[in-house]
Structure formats: structure tokens, C-alpha cells
Amino acid sequence: MALCILLGASVAQAKQVKVTVKEPGTLSTLIDSQAKYEITDLVLKGALNGADLRFLREMAGSDVKQQPTTGKLKRVDLSKTTFASGGGTYVNKEGDCYTQGPHTVPKFLFRNCKIEEVVLPEQTDTIDTGALEHTHLKRIKLPDNILLGSWVFNCDSMLEEVIFPKYVRMIGSYCFSQCPKLKKISFNNIDFIPCCNSITEMSALEVIEIKGYLGHIDGWNTISLCPKLRQIDFYGPALSTGGPQLVNNCPQLQSITFYSPVYSIHLGAAEKCPQFKGYQMKDLVFESGDTSIISTTPKDQLQKSQHYVTSLSDFRDIIENADKWGTNKYLLSHLIANELYNEACRYSLEGNKKRALDFLQTAIKAGYKDYLHMKEDADFSNIKNEKRFAELLESVRLVADYLYILKLSKPYEQTGKSEARFAYATPTDSDLTRVRKFFNLDSIAGKGDEISRMKNLLYWLHDAIRHNGNSSWPKCPYNAIDLYKICKKENRGLNCRFMAMMLNEIYLAEGFKSRFITCESKAYDTDGDCHVINMVWSHSLHKWVWMDPTFCAFVTDENGLLLHPGEVRERLINDQPLVLNEDANWNHENKQTKEDYLENYMAKNLYLITSHLISEYETESNSGRKSPSITLSPKGFIYNRGNSMHDDAYFWQAPEGEE
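Quantities reported herein were computed from a predicted structural model and do not represent experimental measurements.

**What about the overall build of the protein?**
No. 1: On a plain count of helices and strands, the protein comes out with 20 helices and 39 strands.
No. 2: When its C-alpha atoms are laid out on the principal axes, the protein stretches across 95 × 65 × 55 Å.
No. 3: For the protein, the proportion of its 659 residues judged to be buried stands at 54%.
No. 4: Contacts in the protein between residues far apart in sequence, at least 24 positions, make up 55% of those at least 6 positions apart.
No. 5: Accessible area of the protein: about 28400 Å², with a carbon and sulfur share of 48%.
No. 6: Here the protein carries 76 positive and 83 negative side-chain charges, and the mean point of each set is 6 Å from the other.

Have a look at this one:
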């Protein structure tokens with residue numbers, strides 16, 4: 001262990017002090033209390049926890065409360081360090097701050113410190129919020145594959161140069177803000193530049209350039225309030241851009257130039273930029289969101305261009321580099337998947353097997369998922385017997401053959417543990433009574449048997465409310481009455497979740513025990529599509545039954561017996577007969593079939609099933625009140641969005657009193 005005790009003149013004459021921290025939290029024991037405030041150049045090794053970082057901040061001129069100290073530390077080399085948990089807070093900013101991970105420079109680490117140079121840890125993958133803001137940094141070199149959080153270089157009054165690595169994963173909002181000496185920002189390859197003032201209030205900034213690939217840049221006031229900014233140049237290929245406002249209030253801005261091909265561009269006019277002469281597109285544009293601002297290269301001209309093949313190779317390189325960049329949110333874009341797939345077809349027809357397989361691999365990585373089409377595609381007759389093709393086909397099957405994926409899931413596991421029972425509001429509840437009276441539900445349900453009454457309520461809601469999966473969330477309380485009113489007032493539809501919420505309250509108001517359940521795919525963390533349906537308890541059948549207001553759908557076995565979602569799932573896995581009602585439809589426009597609705601769509605979305613523990617009026621509220629929920633998942637599957645379990649007997653338990 002290196003023990004540094006520096007006193008008097010020796011401190012002033014010391015050029016550099018090196019300290020190895022062998023045990024997190026011991027930095028304060030390795031540096032003499034007098035030397036602590038005199039050292040100007042420090043090299044650290046080892047794992048640093050909150051106590052060490054608190055001590056380091058004090059050496060650099062700022063304590064845990066961001067009050068000044070007499071510390072003189074100007075340069076710190078952290079290249080051989082990591083960050084450890086424990087040791088308490090190191091700074092108070094928006095609450096107490098603690099270390100976040102071994103390779104994350106923690107938020108606000110050097111905020112209000114006098115530090116002029118920081119050599120970052122070699123393994124750094126993230127610089128968190130405000131870690132380097134309000135410092136005296138003059139120059140910094142960033143490690144590869146870095147993610148820069150929000151406010152990282154905010155108010156760094158001395159910053160003149162940032163040396164970017166080969167790959168940057170992302171820069172956050174206000175990452176570059178109020179750095180009055182920084183004249184140029186020069187990225188190499190960058191995955192994602194988000195919206196909301198990523199580069200703003202930069203009084204000396206003249207040029208922004210991206211010399212390599214661009215995954216995606218948003219266009220929502222992304223670059224703003226830069227009075228001397230003259231040009232923005234994109235030299236490498238760009239996969240996609242958002243819109244509509246990339247630049248705002250940059251009065252000297254003259255040009256935004258894309259020198260390489262752009263696949264999908266959605267940018268509007270530059271706001272408050274009086275000298276701006278428009279976007280300069282020097283290469284192919286595959287798709288433009290507003291052709292009055294940026295023209296799309298005509299399709300026939302695009303494919304005749306000698307540069308077309310080169311451009312697709314450029315985009316292929318972007319996607320293949322995604323693994324190096326450590327992210328896939330924007331690079332692995334389905335936007336270009338079909339284009340790459342078609343290019344694979346062309347190479348296969350030409351007999352170039354390697355290029356065909358290379359492009360097919362990239363198309364799959366970019367999101368191509370049509371397993372059946374790929375399996376039967378005659379264009380691949382030249383490569384179908386290749387081992388690599390079989391491996392690629394199987395990889396698509398594992399993410400896109402949803403019935404196959406469901407069949408591969410592990411069985412549930414009945415634990416027999418005693419858990420809180422699912423509970424249901426009674427029809428005497430005052431709010432549910434209002435629902436029943438408002439809709440005159442007794443009349444809608446009719447006086448027939450239990451099942452006919454359930455179906456009548458389903459049919460009525462399906463006819464009364466149009467499904468619109470792309471509709472914005474309604475600005476009203478989330479209950480059946482208010483949702484109905486806003487649909488009529490605004491002539492709007494609802495997504496499946498709100499339709500199921502409405503039907504749930506309608507069933508409860510009529511005295512049926514009911515839950516709405518969220519059905520998700522195995523890839524729930526990347527697949528944004530889910531489906532929400534209802535399950536209603538039938539006293540006469542002594543079981544739950546499936547009711548889907550979006551598609552006016554219910555499911556039976558071969559004998560006409562209504563099934564619940566768990567039974568449908570089991571029958572899909574075991575290839576047992578399933579029958580979808582003949583009049584299942586979407587908005588009375590598209591008839592639903594068993595193959596599309598059950599064997600494809602719901603086979604995907606029955607991998608995970610989530611239900612609230614209490615089913616009541618406004619089970620989910622836009623005021624924030626929400627009943628706890630639990631997710632039923634296959635044994636061994638890890639679900640990271642809340643409480644989950646593998647006990648299907650518990651999940652499908654009968655309502656209390658119906659056992």
C-alpha cells in the first residue's frame with residue numbers, strides 16, 4: 001500500500017502523488033490531513049467508494065454540501081480505478097448521491113470542484129448526470145463506447161476541447177451547455193443524440209460535425225441558442241433522424257449538410273435561424289418525412305444508382321457495429337431491415353452466397369422477422385442448403401415464430417404458497433352503481449342466461465367504442481363513463497387497454513367478477529406491442545372465460561365450451577382444437593381468423609400475463625392511484641418490471657366464495 005504523508009515544502013515541490021487504495025473507504029488514511037489540501041496532481045488506483053469520493057472532492061475544492069474547501073487538486077488520474085458501493089454519500093445535489101456501478105462515473109462527482117484535468121477510468125462506460133459540470137476542466141479525452149448523461153459538461157467555463165472516442169453511445173439533454181470557450185464539437189461515430197437541448201447556450205460554438213456513422217438524432221429543439229454556430233456537418237451515413245425541429249435560435253447558422261446517404265430523415269425547418277439556407281443533401285435519401293423540405297431520391301433512380309449498393313453496405317456496417325457500441329435501440333432499426341433483406345435476395349440470385357448470407361444476417365439483426373416468408377422464399381434457393389442459412393432461419397424462428405416460442409416455454413410451477421387473494425368490487429359500490437345506471441346496463445345485458453348477458457355487454461362495447469391502437473391516452477379520468485364521454489365528444493377511439501378497462505367496470509357493475517389482463521411477449525423489454533383483454537367468472541361454468549372487446553372475441557373448445565386465457569395458452573402449446581367465434585372482427589372492417597388472432601398474435605402475447613390484485617372502479621387511475629399487480633411467467637423466466645410468479649393455480653384462482 002502506498003502511504004503518502006507530505007508536509008511543508010515537500011508538498012509544494014511534489015509534482016505528482018500516487019496512491020493505491022487497496023480497500024474501498026481508506027483513501028483518507030493514506031493521505032496526511034495537511035497534504036490533503038496541498039496536493040495538486042494525484043494518481044489513484046483501486047476501488048473508490050462514497051467515502052473516498054467525498055475525500056477526493058474536498059481535495060478538489062468542494063465538500064459534500066458543495067461548499068468551498070481550501071483543496072488545491074487540479075489534476076486527477078483515475079485511469080486505474082473503479083467505483084465501489086458503500087461509504088455513504090459523496091455530494092448532496094438533488095438529494096444524497098451514491099455510487100451507481102463500478103464503471104459509471106457517478107452523478108455530480110466533481111460538481112463545483114476546481115479540477116482542471118481528469119483522466120477517466122479506462123473501463124468507464126457511463127458518465128452520469130452532471131458528473132463534470134461547474135468545473136475548471138480545459139480538455140478531456142473520453143473512453144470508447146461512452147454514454148454521456150445529462151448536464152455532463154454544463155457550465156464548464158474553461159472547457160476548450162473534448163476528444164471523442166471512436167464510438168459514443170449517447171449524449172443526454174444539456175450535455176453541452178454554457179461552455180463559453182468550446183468552439184467545435186467533433187464526434188466520430190455516435191449512436192443517439194436525443195431531443196431537448198442536448199447542445200444549448202454555447203456562446204462560442206461555431207461548428208458541429210459527425211465524422212462517422214449516425215444511428216439517430218432527434219429533432220425536438222436538440223441544438224439551440226448557439227449564437228455563433230455556422231455549420232452542422234454529417235459526414236458519415238445516417239440511419240435515421242427525428243423531427244421536426246433539430247435547430248432553434250442559432251442566428252448565424254447557414255448550412256446543415258449530409259455528405260453521405262441518409263436512410264430515414266424527418267426534419268422540419270430551422271427555427272429562428274435567419275441565415276439558414278436549407279438542408280444540403282449530397283447523397284441518396286431513401287425516405288423523407290417532408291419532401292417539401294428534403295426530397296426523397298426517387299425509387300427508380302435510387303435502385304439504378306451505382307452508389308445504392310455502397311450505401312446499403314454503409315448501413316450494414318452501422319448495424320454490424322452495434323455490438324461494439326453496446327446498444328441497439330436505434331442502430332438495430334427495423335426501418336432498413338426489408339431493404340437489407342432484398343439485397344440479400346439479389347446476391348443470392350447472382351450466386352454470391354457469402355454476400356447474400358452477410359446481408360441476410362444484418363437484415364435479421366436490424367429486425368427482419370418474417371420467418372415463414374424467409375423459409376419459403378425462392379430467391380434463397382442458392383443458399384438454402386447452407387449451414388449458415390439454416391442457423392439464420394432458426395434465429396428468426398426463435399424470435400418470430402410465436403407459437404414455436406410459446407411451445408418452448410417451461411411449464412408453470414404450483415407452489416401452494418398462501419398469497420393475498422384477488423379481490424373484486426361489488427356492484428353495490430357507489431361508483432359502479434353510477435356506471436350501471438349511466439349506460440342502462442341491465443337493459444343492454446338483457447334477461448337471458450349468464451353467458452348471453454356477458455356476450456351482450458361485450459358486443460355493445462365493441463360497437464360503441466372504436467379501437468385505435470395508435471390513439472393518444474385520453475385526457476380524462478380512467479373510468480368507463482368518462483372514457484365513453486370523451487370518445488363521443490372527440491370522435492376518437494381507444495387502445496385495447498382502455499377498452500378492457502371499460503368492459504371490466506361494466507362487468508363489475510353488472511355483478512360479474514372480472515379482471516382485465518395485460519398479455520405480453522417473451523421479448524417484453526423490446527417489444528412494445530401487448531394486448532389487453534378481459535377474463536370474466538362464469539358461475540354456471542365454474543370457470544373464467546375469455547372476452548376481448550377490441551376484436552369482439554371469445555374462444556371455445558371443439559365442443560363449444562368457453563375457455564379462459566390459461567386454457568387457450570395450454571391448448572396452443574399442445575396443438576389442441578380452438579375455435580374463435582365467427583363474428584370476431586376489428587372495428588367491423590377486418591374479420592379475425594383463428595390462425596391470425598390466436599396462433600400468431602395471441603401466441604406471441606400469452607407468454608406473460610399480468611393482472612391487478614384488486615379489480616375495481618378506476619383500477620388504474622391517471623392520478624397515480626393503482627392497485628398492485630402480479631405477472632404470471634413460465635418457470636425460470638425473469639421478469640424485471642414488477643412482481644412476478646410462476647404459479648398458474650394461484651393466478652387463475654376462483655373468486656372468494658366460488659371455490
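So that's the structure; there's more coming.
**Some points on the sheet that holds strand S7 (residues 117–119)**
No. 1: Strands sit in the order S1-S2-S3-S7 across an open sheet of four strands; the sheet is parallel. Looking at the sheet topology across the chains shown, the edges are occupied by strand S1 (17–21) and S7. On average, each strand axis in the sheet is inclined to that of its neighbour by 15 degrees, with strand direction left out of account.
No. 2: Along the sheet, helix H4 (residues 50–59) contacts S1, strand S2 (41–48) and strand S3 (75–83); its crossing angle with S2, the most-contacted strand, is approximately 170 degrees.

**Structural notes on the environment of Val91**
No. 1: Examined against the element boundaries, Val91 turns out to sit in strand S4 (residues 91–92).
No. 2: Its relative accessible area of 0% is what places Val91 among the buried residues.
No. 3: Separated by 52 residues in sequence, Val91 and Pro143 have C-alpha atoms that sit 24 Å apart.
No. 4: With residues up to four places along the chain from it excluded, the contact list for Val91 reads Arg57, Val64, Gln66, Asp96, Cys97, Lys107 and Phe108.

**A few points about the pattern of salt bridges**
Opposite charge on two side chains permits pairing when their charged atoms draw close.
No. 1: Throughout the structure, instances matching the rule amount to 30 salt bridges.
No. 2: Lys36 is the salt-bridge partner of Glu58, the closest N and O atoms lying 2.4 Å from each other. Taken as a pair, Glu58 in helix H4 and Lys36 in helix H3 (residues 33–36) lie far apart in primary sequence, 22 residues in all.
No. 3: Given a relative accessible area of 17%, Glu58 falls into the buried group.
No. 4: Accessibility expressed as a relative area gives 9% for Lys36, which makes it buried.
No. 5: Between Glu558 and Arg571 there is a salt bridge, with the nearest N and O atoms lying 3.2 Å from each other. Of the two residues, Glu558 is situated in the loop between strand S32 (555–556) and helix H18 (565–573) and Arg571 in helix H18; the sequence distance between them amounts to 13 residues.

**Things to note about a nonpolar patch on the surface**
No. 1: Side chains of Leu398, Val399 and Leu408 sit close together on the surface and give an oily, nonpolar patch of about 260 Å² of accessible area.
No. 2: Here Leu398 lies in helix H11 (residues 387–400).
No. 3: Taking the relative accessible area as the measure of exposure, Leu398 reaches 42% and is therefore partly exposed.

**A closer look at the sheet that holds strand S31 (residues 543–547)**
No. 1: Strand order in the open sheet formed by six strands is S31-S30-S29-S36-S38-S39, and the pairing between neighbours is mixed. Each having just a single partner strand, S31 and strand S39 (644–645) make up the two edges of the open sheet.
No. 2: Across the sheet, helix H17 (residues 496–509) is in contact with strand S29 (514–520), strand S30 (531–538) and S31; its angle to S30 comes to roughly 15 degrees.
No. 3: Strands S29, S30 and S31 of the sheet are contacted by H18, whose axis makes an angle of about 80 degrees with S31.

**Considering the packing of aromatic side chains**
No. 1: Counting across every chain of the model gives 35 aromatic pairs.
No. 2: Aromatic side chains Phe286 and Tyr308 sit 5.9 Å apart centroid to centroid with 25 degrees between the ring planes, which places their arrangement in the stacked category. Remark: Tyr308 occurs in helix H6 (residues 307–320) and Phe286 occurs in strand S27 (residues 285–288); sequence separation between them is 22 residues. The burial state of Phe286 is the same as that of Tyr308; both residues are buried.
No. 3: An aromatic cluster is defined as three or more aromatic residues linked by ring pairs; in this entry it consists of Phe153, Phe164, Phe176 and Phe187.
No. 4: Above the ring of Tyr404, the side-chain terminus of Arg397 is found at 3.6 Å from the ring centroid.

**As for the nonpolar core**
No. 1: Ranked by size, the top nonpolar core spans 84 residues in total, and within it Tyr507, Trp546, Met547, Val568, Leu572 and Leu598 carry the most contacts.
No. 2: Sorting elements by how many residues they give to this core places H17 first, with 11 residues.
No. 3: Grouped together as the second largest cluster of nonpolar side chains are 82 residues, Tyr90, Ile140, Ile193 and Leu229 included.

**Re H11**
No. 1: Compared with an ideal rise of 1.5 Å per residue, which puts 14 residues at 20 Å, H11 spans 20 Å between its outermost C-alpha atoms and is within 8% of the ideal.
No. 2: Within H11, the full set of buried residues consists of Phe389, Leu392, Leu393, Val396 and Ala400. Buried residues of H11, seen end-on, are gathered within an arc of 100 degrees and therefore sit on one face of the element.
No. 3: Each element contacted by the buried residues of H11 is listed here: helix H9 (353–365), helix H10 (371–376) and helix H12 (402–408).

**Considering H17**
No. 1: Here H17 contains 14 residues, and its C-alpha end-to-end distance of 20 Å stays within 8% of the 20 Å for a straight helix at 1.5 Å per residue.
No. 2: Along H17, 14 of the 14 residues are buried, which leaves the element largely enclosed by surrounding structure.
No. 3: Among the residues of H17, the N-terminal cap falls to Asn495, whose side-chain oxygen and the backbone nitrogen of Arg497 are separated by 3.0 Å.
No. 4: Gly511 sits one or two positions beyond H17 and adopts a positive phi of about 95 degrees.

**Observations regarding the packing of helix H15 (residues 450–464) against H17**
Helix-helix packing is described using two parameters, namely the angle between the two axes and the distance between the axes.
No. 1: Relative orientation of the contacting elements H15 and H17 amounts to 145 degrees, with a least axis distance of 11 Å. The element H15 and its partner H17 pack so that their crossing is right-handed. From H15, Met454, Leu457, Leu458, Trp460 and Leu461 reach across to H17, where they touch Met499, Met502, Leu503, Ile506 and Tyr507.
No. 2: Residue composition of the contact of H15 with H17, grouped by class: 10 nonpolar, no polar and no charged.

**Re the environment of Ala423**
No. 1: Assignment of secondary structure puts Ala423 in strand S28 (residues 423–424).
No. 2: According to the relative accessible area criterion, Ala423 is partly exposed, its value standing at 32%.
No. 3: C-alpha of Ala423 to C-alpha of His612: the two residues are 189 residues apart in sequence and 9.1 Å apart in space.

**Considering the pairing of strand S16 (residues 189–193)**
No. 1: The element S16 is largely enclosed, with a buried count of five among its five residues.
No. 2: Of the pairings in the sheet, the one linking strand S13 (residues 167–171) to S16 comprises three bridges and is parallel in character. Its bridge partner being in S16, Met170 is matched across the sheet by Phe192.
No. 3: Bridging between S16 and strand S19 (residues 214–217) involves three bridges; their strand directions are parallel. Across the sheet, the residue bridging to Ile190 is Leu214, located in S19.

**As for the side chain of Asn221**
No. 1: Topologically, Asn221 is positioned in strand S20 (residues 220–224).
No. 2: Side chain to side chain, Asn221 and Asn248 meet in a polar contact 3.0 Å long.
No. 3: Not counting residues up to four positions away in its chain, the partners in contact with Asn221 are Cys196, Asn197, Gln245, Leu246 and Asn248.

**Looking at the packing of H6 against helix H8 (residues 337–350)**
No. 1: At a closest axis distance of 11 Å, the pairing of H6 and H8 adopts a crossing angle of 120 degrees. Considered as vectors, H6 and H8 are oriented oblique to each other. As H6 runs across H8, the sense of the crossing is left-handed. Across from Tyr308, Val309, Leu312, Arg316 and Ile319 in H6, the residues of H8 making contact are Glu339, Leu340, Glu343, Arg346 and Tyr347.

Criteria and thresholds
- What you see as residue numbers is a count from 1 along each chain, following the sequence as written.
- With pLDDT at 70 or above as the cut-off, local features in this predicted model cover only qualifying residues; side-chain atom pairs require 80 or more to be listed or tallied, and sums for whole chains, interfaces and linings still use all residues.
- Side-chain descriptors were evaluated using all non-hydrogen atoms of the structure, hydrogens and water having been removed beforehand.
- Helix numbers and strand numbers start at the N terminus; a helix is a DSSP run of H or I with at least 4 residues, a strand a run of E with at least 2.
- Buried means the residue's accessible area, taken with a 1.4 Å probe over protein chains only, is under 20% of the maximum for its type, while exposed means over 50%, and partly exposed covers the values in between.
- In this description, contact between two residues means that some pair of their heavy atoms is separated by no more than 4.5 Å.
- Every accessible area reported is derived by Shrake-Rupley at a probe size of 1.4 Å, with residue values counting cover from the shown protein chains alone.
- For this count, His and the chain ends are skipped, Lys and Arg are scored as positive, and Asp and Glu as negative.
- For the purpose of locating charges, the reference atoms are NZ of Lys, CZ of Arg, CG of Asp and CD of Glu.
- Two strands qualify as a pair provided that DSSP identifies no fewer than 2 bridges between them.
- Helix axes are fitted to C-alpha atoms over the stretch in contact, other axes to C-alpha atoms as well, and angles between N-to-C directions run from 0 to 180 degrees.
- The term salt bridge refers to a pairing of a side-chain nitrogen on Lys or Arg with a carboxyl oxygen on Asp or Glu at a separation within 4 Å.
- Like-charged residues are merged into a patch within 9 Å and nonpolar side chains (Val, Leu, Ile, Met, Phe, Trp, Tyr) within 5 Å, provided each residue has over 30% relative accessible area and no salt bridge.
- Aromatic contacts are taken between Phe, Tyr and Trp rings whose centres are within 6.5 Å, Trp giving its six-membered ring; a plane angle under 30 degrees counts as stacked, one over 60 as edge-to-face, and the others as tilted.
- Two limits define a charge over a ring: the Lys NZ or Arg CZ must be within 6 Å of the ring centre, and within 35 degrees of the ring normal.
- In this description, a nonpolar core means a group of buried Ala, Val, Leu, Ile, Met, Phe, Trp, Tyr and Cys residues linked to one another through side-chain atoms lying within 4.5 Å.
- One fewer than the residue count of a helix, multiplied by 1.5 Å, yields its expected span.
- Arc definition: it is the arc formed by the directions from the helix axis to the C-beta atoms.
- The definition of a polar contact used here is a pair of N or O atoms within 3.5 Å, where within protein one atom must be able to donate a hydrogen and the other to accept one, and adjacent residues in sequence count solely through side-chain atom pairs.
- Handedness of each helix crossing follows the sense of rotation of the near helix against the far helix: counterclockwise by less than a right angle gives left-handed, clockwise gives right-handed.
- Charged means Asp, Glu, Lys or Arg here, nonpolar means Ala, Val, Leu, Ile, Met, Phe, Trp, Tyr, Cys or Pro, and polar covers whatever is left, Gly included.
- Angles are sorted into four bins: roughly parallel if under 35 degrees, roughly antiparallel if over 145, roughly perpendicular if 65 to 115, and oblique for all others.

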